[in-house]
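If you want the building blocks of each chain, they are given just below.
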Amino acid sequence: MRGYSLDLRLKVLAAVDRGIPRKEVVRTFGVSMPTLERYLSLRRQTGEIGPPRTPGRTPFGATIEERSALWRQLEENDGATLERHCKLWESKQGDRVSVPTMWRAVRKLGWTKKRGRWEPPSETKRPEVLGESA
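Presented here is a report on the structure given in the accompanying data block.

So, how was this worked out
- Residues numbered from 1 in each chain as written.
- Predicted model: local features only at pLDDT ≥ 70, side-chain atom pairs only at ≥ 80, totals over all residues.
- Heavy atoms only, no water.
- Helix = DSSP H or I, 4+ residues; strand = E, 2+ residues; numbered from the N terminus.
- Rg over C-alpha atoms; globule rule 2.2 N^0.38 Å.
- Buried < 20%, exposed > 50% of the residue type's maximum accessible area, 1.4 Å probe, protein only.
- Contact = heavy atoms within 4.5 Å.
- Axes fitted to C-alpha atoms, helices over the stretch in contact; angles between N-to-C directions.
- Parallel < 35°, antiparallel > 145°, perpendicular 65-115°, else oblique.
- Nonpolar A, V, L, I, M, F, W, Y, C, P; charged D, E, K, R; others polar.
- Phe/Tyr/Trp six-rings, centres within 6.5 Å; stacked < 30°, edge-to-face > 60°.

**Remarks on the overall build of the protein**
Along the protein, the regular secondary structure elements total seven helices and two strands. Its helices and strands in sequence order give the protein the pattern α-α-α-α-α-α-β-β-α, from N to C terminus. Rg of the C-alpha trace for the protein: 23 Å, well past the compact-globule value of 14 Å for 134 residues, more than 25% over. Residues classed as buried in the protein amount to 31% of the 134 residues present. Contacts in the protein between residues at least 24 apart in sequence constitute 49% of all its contacts with a sequence separation of at least 6.

**Thoughts on the packing of helix 1 (residues 6-17) against helix 3 (residues 33-46)**
Contact geometry for helix 1 and helix 3: axes closest at 11 Å, N-to-C directions at 85 degrees. Taken together, helix 1 and helix 3 sit at an angle that is classed as roughly perpendicular. Of helix 3, the residues touching helix 1 (which contributes R9, V12, L13, V16 and D17) are L36, Y39, L40 and R43. Tallied by class, residues from the contact of helix 1 with helix 3 come to six nonpolar, no polar and three charged.

**Brief notes about the packing of aromatic side chains**
Within this structure, the stated rule accounts for three aromatic pairs. For the ring pair F60 and W89, a centre distance of 5.0 Å and an interplane angle of 85 degrees mean the geometry is edge-to-face. Of this pair, F60 sits in the loop between helix 3 and helix 4 (64-76) while W89 is found in helix 5 (residues 82-93), placing the two residues 29 residues apart along the sequence. Just as F60 is buried, W89 falls in that class too. Consider the rings of W71 and W111, whose centres lie 5.2 Å apart with planes at 80 degrees: the pair is edge-to-face. With W71 in helix 4 and W111 in the loop between helix 6 (99-108) and strand 1 (112-114), this pair connects stretches of sequence that are 40 residues apart.

By themselves, these figures tell us nothing about what the structure is for.
In structure tokens form, the structure reads like this:
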């Protein structure tokens, strides 16, 4: 079950801040009293009110640094196979990546393999896939 949206959390806390009784806030927004108390406690302790981060490892290629490093690796080794790219990544970055994971990351960057060589996407797409502002 997923947590409530940040928007709803903000509305619930704003209603409490305006002085609306907690029972009425619970009834109006359809959240439980323990949920309301948890939001108030969380805000008091950490200042954060957003849903907690999903546990687990961040996906490969999720950060701008990883995308940029992979982009450079593809430019420098445009004739390498996916297996070779996995080995290069492990030797340079220290993280082991499977071939299917490498394939997904390369495709997400927009690179394609044509005639045995990796080719980047058009110049107009590059800033968007690397997370750069145009």
